[in-house]
Amino acid sequence: MIRTKKARKMRRRICFLLSLVFLISSVSGCGLDGTQMEDLNYAISTTAVTIDPQLSTDIASAEVVNLYSCTLYTYDENRKLVPGLAESSETSPDGMTVTYHLRHGLKWSDGRDLTAEDFVFAMQRLANPDTKSGAVYIITGCCYIKNASKISMGKMPVSELGVSAPDPYTFVIELEMPCPYLNALVTHTAFIPCNREFFQSCGDNYATSPETLICCGPFKVDRYEPLGTQIHYTKNEYFYAADQINLKGVNVQVITDTQQAMMCYQSGEMDVIGLNGTVLELAEGDPSVKKFTKPSARYIDMNITEGSIFMNKSVRMAFAKSIDRESIVDNVLLSNSTALYRINPSGYYYETDGTDIASDPLKYKEEVGYDPAKAKELWEQGMKELGKKEASVSLGCIAGTQNLAEIIKDQLERNLPGLSVKLQVWSPKEWLQRMETADGYDMIISGWVADYADPTSFYSRYLTDNTATTYSNSTFDAIYNKTQYAEGEERDRLLEEAEDILMKDVAQLPISGDNANFLVASGVTGFKYNPTASGMIVFGIRKEVK
């Protein structure tokens, strides 16, 4: 697999060090029964919560969903936005109506026709409050499809949603305000079509097994169990671009332990594994390491509700200035991450003049930078304003991130006298539910990967009507809404102003930005990762048959 003498030496060193440090004596659990050599063996670190596109909100679910599906626009092997199930689109002069023209001859994996009506039903299902989708914010906050907000709150019937199919090849979206990034937004799993007849035939079991799922993407699912650790896909012969797919299938296996994943890769059981932490550092210099930028941020959300100490801005600033991000990156997150002092990570959005919107990563260090003395001063000021001498708060996290939570707990309690932090550790499903509903915690370690390459993907979480956070600021809401109508330099100015409001008001506690790093076997060529971090791009991937 490794082509050079230096690389072979590096690989032996990695394997030797892992054997010593982690004492992994076997790779049981790595194997995939009946693996075909033409299949790509791909390891992910977290179990998908769902494979239902309209319910998918976490990265793991998006990764497995995107392998069997496609939507109006997609990303090609160069990570460029291109037409997918649509062949073109057009926007009305006022920006309020966008029309997508579908490719002719589209089929579902069972051979039935895929039409514009399937997109209409998918959007209606997403907006329907009975669906209880955490992804509804895509059409009520990231873009504003006509009547979506009222429908999602049960105030209007789904038939009033601003989507229509005047003919089988034309899908029309009516908006309440322009959405300049809509073609990028529709790559989100929420926009994946859904066939009404098939959905209704499955009842409550839709998308829980291969038998209750039809596919419109490069592969179809032929082995899956809810919350299972293995999913197998085979090539979908009905996919519109099937001739561009060079893999027989894909084996996806959940391996939560990075060191075990490395051993599976070393043994040849896995072709592609994600890298982070110590393992990434050990693998530096290996030519099989592939690195991709992604618009990713890790942060702490606070429950800013009546009666909470986080209603006090001085307290929020005290918490922000008690967190030593550099230490966290150096000792916990390691080389996969960089310390983050603002909402926007770098390298994903460039303004009209080509400047990275996050070109100054320390712009808000005064508001959130580590400063224990200032943190104590602000804490005492906030406690005095609240009439308190001490406080107890909870800090929730997803299983597997306890080390990070422990470090943050220690830093907060050490720097803020009289504060007690109680840790709560949740399963991926429970963590996601709490993060989406802003319920059941005082603080939660959250993460966000932009759904599309625009800062509003990060900002929309902090709109007053977004159920994912409890933050509310009418000035921010107004500026955000203006960005939907503005263009060019004026829009760039408004986007900067929106972040300025959030950071100076300490709407959240940023921790780090992350990248996507992988080890890719030498027999695999063309591996690329989606720029919105929702999985690999299968166009262009080849695996050498052995």
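Keep in mind it's a predicted model, so treat the numbers as computed, not measured. (Residues numbered from 1 in each chain as written. Predicted model: local features only at pLDDT ≥ 70, side-chain atom pairs only at ≥ 80, totals over all residues. Heavy atoms only, no water.)

Focus: the pairing of strand S1 (residues 39-44)
Most of S1 is tucked away, with six of its six residues classed as buried. Alternating residues of S1 divide into Asp39, Asn41 and Ala43 and Leu40, Tyr42 and Ile44, and every residue in both groups is buried. Bridge count for S1 against strand S10 (residues 249-254) is six bridges, and the pairing is parallel. Each residue of the ladder has a partner; that of tyrosine 42, found in S10, is valine 252. (Buried < 20%, exposed > 50% of the residue type's maximum accessible area, 1.4 Å probe, protein only. Helix = DSSP H or I, 4+ residues; strand = E, 2+ residues; numbered from the N terminus. Pairing = 2+ DSSP bridges.)

Things to note about the packing of aromatic side chains
According to the stated counting rule, one finds 21 aromatic pairs in the structure shown. An angle of 50 degrees between the planes, with centres 6.4 Å apart, marks the rings of tyrosine 42 and phenylalanine 527 as tilted. Of the two residues, tyrosine 42 sits in strand S1 while phenylalanine 527 sits in the loop between strand S18 (524-525) and strand S19 (528-529), which places them 485 residues apart along the sequence. The pair formed by tyrosine 42 and phenylalanine 527 is uniform in burial state, with each residue classed as buried. A centroid spacing of 4.9 Å and a plane angle of 50 degrees characterise the contact between phenylalanine 518 and tyrosine 529, whose relative ring orientation is tilted. A residue pair is termed long-range when its members are at least 10 positions apart, and phenylalanine 518 in strand S17 (residues 509-520) and tyrosine 529 in strand S19 qualify at 11 residues. For the pair formed by phenylalanine 518 and tyrosine 529, the shared burial category is buried. Here the aromatic residues Tyr42, Phe292, Phe518, Phe527 and Tyr529 are joined through ring pairs into a cluster of three or more. The lysine or arginine in question, lysine 365, covers the ring of tyrosine 341, its NZ or CZ lying 5.5 Å from the ring centre. Against the face of tryptophan 448 rests arginine 461, its NZ or CZ located 5.1 Å from the ring centre. (Phe/Tyr/Trp six-rings, centres within 6.5 Å; stacked < 30°, edge-to-face > 60°. Lys NZ or Arg CZ within 6 Å of the ring centre and 35° of its normal.)

As for the side chain of arginine 125
Within the secondary structure layout, arginine 125 lies in helix H3 (residues 116-127). Residues in contact with arginine 125, not counting those within four places in the same chain, are Asp52, Gln54, Leu55, Thr131, Cys194, Phe199 and Tyr206. (Contact = heavy atoms within 4.5 Å.)

What about the sheet that holds strand S4 (residues 86-91)?
Read across the open sheet, the four strands follow the order S4-S5-S7-S6; overall the sheet is antiparallel. Edge strands, defined here as strands with exactly one partner in the open sheet, are S4 and strand S6 (163-167). Each neighbouring strand pair of the sheet contributes to a mean axis angle of 20 degrees, computed without reference to strand direction. In the sheet, S6 pairs with strand S7 (residues 170-174) via three bridges, with the strands oriented antiparallel. In the strand pairing of S7, valine 163 is matched with isoleucine 173. (Axes fitted to C-alpha atoms, helices over the stretch in contact; angles between N-to-C directions.)

Thoughts on the pattern of salt bridges
Tallied over the full model, the rule gives 20 salt bridges. Residue arginine 298 pairs with aspartate 514 through a salt bridge whose shortest N-O separation is 3.1 Å. Of this pair, arginine 298 sits in strand S12 (residues 289-302) while aspartate 514 sits in strand S17, placing them 216 residues apart in sequence. With respect to class, arginine 298 is no different from aspartate 514; both count as buried. With a closest N to O distance of 2.8 Å, aspartate 454 and arginine 491 form a salt bridge. Highlighted residues: aspartate 454 in the loop between strand S16 (443-449) and helix H16 (456-459) and arginine 491 in helix H18 (residues 488-504), separated in sequence by 37 residues. For the residue pair aspartate 454 and arginine 491, the accessibility class agrees, reading buried in each case. (Salt bridge = Lys/Arg side-chain N within 4 Å of Asp/Glu carboxyl O.)

Let's talk about the pairing of S17
The element S17 is extensively covered by neighbouring structure, given that 11 of its 12 residues are classed as buried. By the bridge criterion, three bridges tie strand S11 (residues 272-274) to S17 in an arrangement that is antiparallel. Bridging from a neighbouring strand, valine 272 pairs with valine 520 of S17. Direction of pairing for S12 relative to S17: antiparallel, over a ladder of nine bridges. Directly across from valine 289, in S17, lies its bridge partner leucine 519. Alignment of strand S13 (residues 337-339) against S17, held across three bridges, turns out to be antiparallel. Residue pairing in the sheet places serine 337 in a bridge with aspartate 514 of S17.

By themselves these figures say nothing about function.
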